[in-house]
Amino acid sequence: MKKRIIGVLLTLISMTVTAQNPVVQTWFTTDPAPLSYGDKVYVYVGHDEDNADFFWMYEWRVYSSSDMVNWTDHGSLLNLNSFSWADDRAWAAQTIERNGKFYWYICAHSKLSGGMAIGVAVADSPTGPFRDALGKPLFDNGSWDNIDPTVFIDDDDQAWLFWGNPTINYVRLNPDMVSLASEVKQVKQTVEGFGSPSMRERERGVKYADSYTEGPWIMKRNFFPLDKKGKKAKKAVGQYYLLYAAGGVPEHIAYSTAPTPEGPWTYRGHIMPLEDTKSFTNHCGVVDHKGHSYFFYHTGKLPGGGGFGRSMAIEEFKYNEDGTFPTIHHTNEGVKPIGTLNPYQRTEAETIAWSFGLKTENNQKTGVYVGEINNGDYIKVREMDFGTKQPSAFTVSAASALQGGNIEVHLDSLGGQKIAVAKIPYTGGWEEWKEVRTPITETVSGKHDVFFAFTGYKGMKLFNFDWWKFEEK
Ligand code: FUB
C-alpha cells in the first residue's frame, strides 16, 4: 500500500515536472485563437470565472511566447465594457493582422437586439490597446446563432468571416476589415460536407457520421496532392479547411475541406476525437510558426476546472502528405521548446512555463504582475540559457505591504541547486516596487529550467513580483 502511494506521488510529481498543458495555471483560458506575428505566437482567449456553473465570461485575455513553452501574460485587454452595446457572454473570439493593424473579432450578448452579436476591436499592436472599432456590432440580427467568429485573409486579399452555432454563417469583409462586403450567407450542411445535414434537417433515429456544432476555425493551406501511386504533384494546390467542434455535447473536433471558401465542402473526419478532457466543449485554433504546426484547444484539466472552467492546451503536429490532418490526442506534456530565454534581459515575472498557487494581476499603474504569492508557491521558466557567461547577480522588482518573503532561485527542479535567494522586505505597499539585488557566487552555465520558489510566513500573502533579471560577470 505504502509503495502504491509513493508510486502515485512520484507520477504526480513527474507529470508536473514535464507538463506544459494546461498552458496557463493562473487563470482559466478558453477558446484559444493563436496568431503568428513576427517572432512570436500570440493567443487570444476567453476567461471562465472561478467556480462557474455556466459560461459566465466577462473578458478576453492575451498571452504570447517566442519559444512555445514560456508564455507571457498580457492581461485582460478587452472586456464587456469595451463594447457599449454588449452586456453578457464574452465568448469565443479571434484576432488577425492586416496592414499593421490588429482586428479582434468577438461575440457577446447584444443589449440592442437581445441576441448574440459579432463585434470587432482594433489596435496598432497585437497586445493593444484595443478599442471597439465601430461603437456598434459588426453583425447583429437578434439571433442566438451569432457566436464564435473566425477570420482569414485569402491570397487574393479577400477577408472572410465565418461563425455560428448550429448554423455556419459567412461573409466577405471589406479591406477596412470592419464592414461587410457581401450579404451574410449560410453554408449548406450536408452528409457529404459535414457528416450530416443541418440540425433542423436531421432525421430522428438516423445515425449520422458526424455533425457540425460550433467553434469554426477557417484557414487555407497550400499542399502538393499525391496521385494514385503516391507521387507528389509538381504544383501546389490551395485548400480551404473548416475545423469545428462537432457531435453535439460532449464535443470532439472534426473538419471539412473545400476548393473555395464557399465550398463545396467535403467532410474529412475527426482531428481530436472525443477523449476524457474533463470539458464537454472543445474549441480549436491552428497556427504554423517557424516551421512547426500547432493545434490549440481547451480542456477542463486544470485543478478546479471542468466544463465551465476550461484551459487552453497545445499539441504540435505534422500535416499528412496529402494535406489532411493527423489524429491529435490531448496530452499533459504538450509541446517542446523551440527557443531559449535570455537570463540577462529584464523579463516580466508573468512569463511562465508552469506555476503553482499564484495569480497574475493587471492594472493601469503597473501593467501585469504576479500576485497572490504565498509560502510554497512557485514559478518555473524553461530553457534559460546562461551560455558561458557566469551570472554575478540576480535583481527583482517586488512590493509588499506586509512582511515580504524570499525568492529562492533553483536550477532544474524545485529542490535543485540553489543559486540565489532574494530577500523581499516590506516596501510600503502592494505596488510600492523596490529593486532587490542579490549577488550570485555559485557557478552557473548552459541551459537550465529555473524555478523561482517563494517562501515566507505561512498563511499570508507575501509580496507582488513584477520582473527579474540576471547580470553577467
Ligand atoms: O466559451 C463559450 C462557448 O463555449 C464558446 O463560444 C463555444 O465555442 C464553446 O467553447
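Residues numbered from 1 in each chain as written. Predicted model: local features only at pLDDT ≥ 70, side-chain atom pairs only at ≥ 80, totals over all residues. Heavy atoms only, no water.

**A few points about the overall build of the chain**
Part 1 of the reasoning: Of regular secondary structure, the chain possesses two helices and 32 strands.
Part 2 of the reasoning: Taken over the C-alpha trace, the chain has a radius of gyration of 24 Å; the compact-globule value for 473 residues is 23 Å, and the two agree within 12%.
Part 3 of the reasoning: Each of the three principal axes of the chain carries a C-alpha extent, and together these read 70 × 55 × 50 Å.
Part 4 of the reasoning: Burial statistics for the chain: of 473 residues in total, 56% are counted as buried. (Helix = DSSP H or I, 4+ residues; strand = E, 2+ residues; numbered from the N terminus. Rg over C-alpha atoms; globule rule 2.2 N^0.38 Å. Buried < 20%, exposed > 50% of the residue type's maximum accessible area, 1.4 Å probe, protein only.)

**Concerning the pairing of strand S3 (residues 57-65)**
Part 1 of the reasoning: Judged by how many residues are buried, S3 sits mostly within the fold: eight of nine residues are covered.
Part 2 of the reasoning: Relative to S3, strand S2 (residues 40-48) runs antiparallel, the two being bridged by seven bridges. Paired with Tyr-42 across the two strands is Ser-64, which belongs to S3.
Part 3 of the reasoning: Where S3 meets strand S4 (residues 71-79), five bridges bridge the pair, whose relative direction is antiparallel. Pairing of Tyr-63 across the sheet is with Asp-73, part of S4.
Part 4 of the reasoning: Counting the residues in the hairpin turn of S3 and S4 gives five residues, including Met-68, whose phi is positive at 75°. (Pairing = 2+ DSSP bridges.)

**What to know about the nonpolar core**
Part 1 of the reasoning: One finds Trp-60, Trp-104, Tyr-105, Ile-106, Leu-161 and Leu-173 to be the most contacted residues of the largest nonpolar core, which totals 42 residues.
Part 2 of the reasoning: Elements supplying a minimum of two residues to this core: S2, S3, strand S7 (101-110), strand S8 (116-123), strand S11 (159-163) and strand S12 (169-173).
Part 3 of the reasoning: In this structure, Leu-161 is in contact with Tyr-105, Ile-118, Leu-138, Pro-149, Thr-150, Val-151, Asn-169, Tyr-170, Val-171 and Leu-173, ignoring residues within four places of it in sequence.
Part 4 of the reasoning: Ile-352, Met-384, Phe-386 and Trp-468 belong to the second largest nonpolar core, which has 32 residues in total. (Core = buried A, V, L, I, M, F, W, Y, C linked by side-chain atoms within 4.5 Å. Contact = heavy atoms within 4.5 Å.)

**Section: the site of the ligand**
Part 1 of the reasoning: The immediate surroundings of the ligand are formed by Asp-31, Met-57, Trp-91, Ala-92, Asp-148, Glu-214, Thr-281, His-283, His-298 and Arg-310.
Part 2 of the reasoning: A distance of 2.5 Å is found between an oxygen atom of the ligand and a side-chain nitrogen or oxygen belonging to Asp-31.
Part 3 of the reasoning: With respect to the ligand, the side chain of Asp-148 contributes an N or O atom lying 2.5 Å from an oxygen atom.
Part 4 of the reasoning: Burial of the ligand by the protein amounts to 99% of the accessible area it has alone, namely 280 Å².
Part 5 of the reasoning: Its residues placed into classes, the shell around the ligand shows three nonpolar, three polar and four charged. (Near = heavy atom within 4 Å. Polar contact = N/O pair within 3.5 Å; in protein donor to acceptor, adjacent residues only side chain to side chain. Areas by Shrake-Rupley, 256 points an atom, 1.4 Å probe, with all protein chains shown as cover. Nonpolar A, V, L, I, M, F, W, Y, C, P; charged D, E, K, R; others polar.)

**Let's talk about the domain arrangement of the chain**
Many structure descriptions define interface size as the accessible area lost when the parts assemble.
Part 1 of the reasoning: In terms of domain boundaries, the chain breaks down into domain 1 (2-317) and domain 2 (347-472).
Part 2 of the reasoning: For domain 1 and domain 2, the distance between their C-alpha centroids amounts to 34 Å.
Part 3 of the reasoning: In this complex, domain 1 contributes 20 residues to the contact, which on the side of domain 2 involves 15 residues.
Part 4 of the reasoning: Of the roughly 1600 Å² buried between domain 1 and domain 2, counting both surfaces, carbon and sulfur atoms make up 45%.
Part 5 of the reasoning: Summed over the three residues of domain 1 that lose the most area to domain 2, namely Gln-25, Thr-26 and Asn-70, the buried surface amounts to 34% of that side.
Part 6 of the reasoning: Between the two partners, domain 1 and domain 2, sit one salt bridge.
Part 7 of the reasoning: Notably, a salt bridge pairs Lys-359 with Asp-50, separated by 3.6 Å at the nearest N-O pair.
Part 8 of the reasoning: At the junction of domain 1 with domain 2, the criterion picks out nine residue pairs in polar contact (both at pLDDT 80 or more).
Part 9 of the reasoning: Residue assignment for the side of domain 1 that touches domain 2 shows that the elements contributing at least two residues are helix H1 (2-18) and S4.
Part 10 of the reasoning: When its residues are assigned to classes, the side of domain 1 that touches domain 2 shows seven nonpolar, 10 polar and three charged. (Domains from an automatic or database assignment. Buried area = accessible area lost by both parts, 1.4 Å probe. Salt bridge = Lys/Arg side-chain N within 4 Å of Asp/Glu carboxyl O.)

**Observations concerning the side chain of Glu-251**
Part 1 of the reasoning: Within the secondary structure layout, Glu-251 lies in the loop between strand S15 (237-246) and strand S16 (252-258).
Part 2 of the reasoning: This buried residue, Glu-251, is left without a salt bridge; Arg-310 holds the nearest opposite charge, at 6.8 Å.
Part 3 of the reasoning: Among the polar contacts listed, one links the side chain of Glu-251 to the backbone nitrogen of Asn-282, at a separation of 2.8 Å.
Part 4 of the reasoning: Here Glu-251 is in contact with Thr-213, Glu-214, Ala-245, Ala-246, Leu-274, Phe-280, Thr-281 and Asn-282, once residues within four sequence places are set aside. (Lys, Arg positive; Asp, Glu negative; His and termini not counted.)

**Some points on the sheet that holds strand S20 (residues 311-317)**
Part 1 of the reasoning: An order of S18-S19-S20 is seen for the three strands of this open sheet, with the pairing classed as antiparallel. Each having just a single partner strand, strand S18 (285-289) and S20 make up the two edges of the open sheet. On average, adjacent strands in this sheet sit at an angle of 30° to one another, irrespective of strand direction.
Part 2 of the reasoning: Taken together, the seven bridges between strand S19 (residues 292-299) and S20 define a ladder with antiparallel strand orientation. Looking at S20, one finds that Phe-296 is bridged to Ile-314. (Axes fitted to C-alpha atoms, helices over the stretch in contact; angles between N-to-C directions.)

**Side note on the pattern of salt bridges**
Part 1 of the reasoning: Applying the stated rule across the entire model yields 20 salt bridges.
Part 2 of the reasoning: Between Asp-48 and Arg-310 there is a salt bridge whose closest N-O contact spans 2.8 Å. Of this pair, Asp-48 sits in strand S2 while Arg-310 sits in the loop between S19 and S20, and the two are 262 residues apart along the sequence.
Part 3 of the reasoning: On the basis of relative accessibility, which here comes to 3%, the residue Arg-310 falls in the buried class.
Part 4 of the reasoning: Here the salt bridges share partners, and the residues they tie into one network are Glu-59, Arg-61 and Asp-73.

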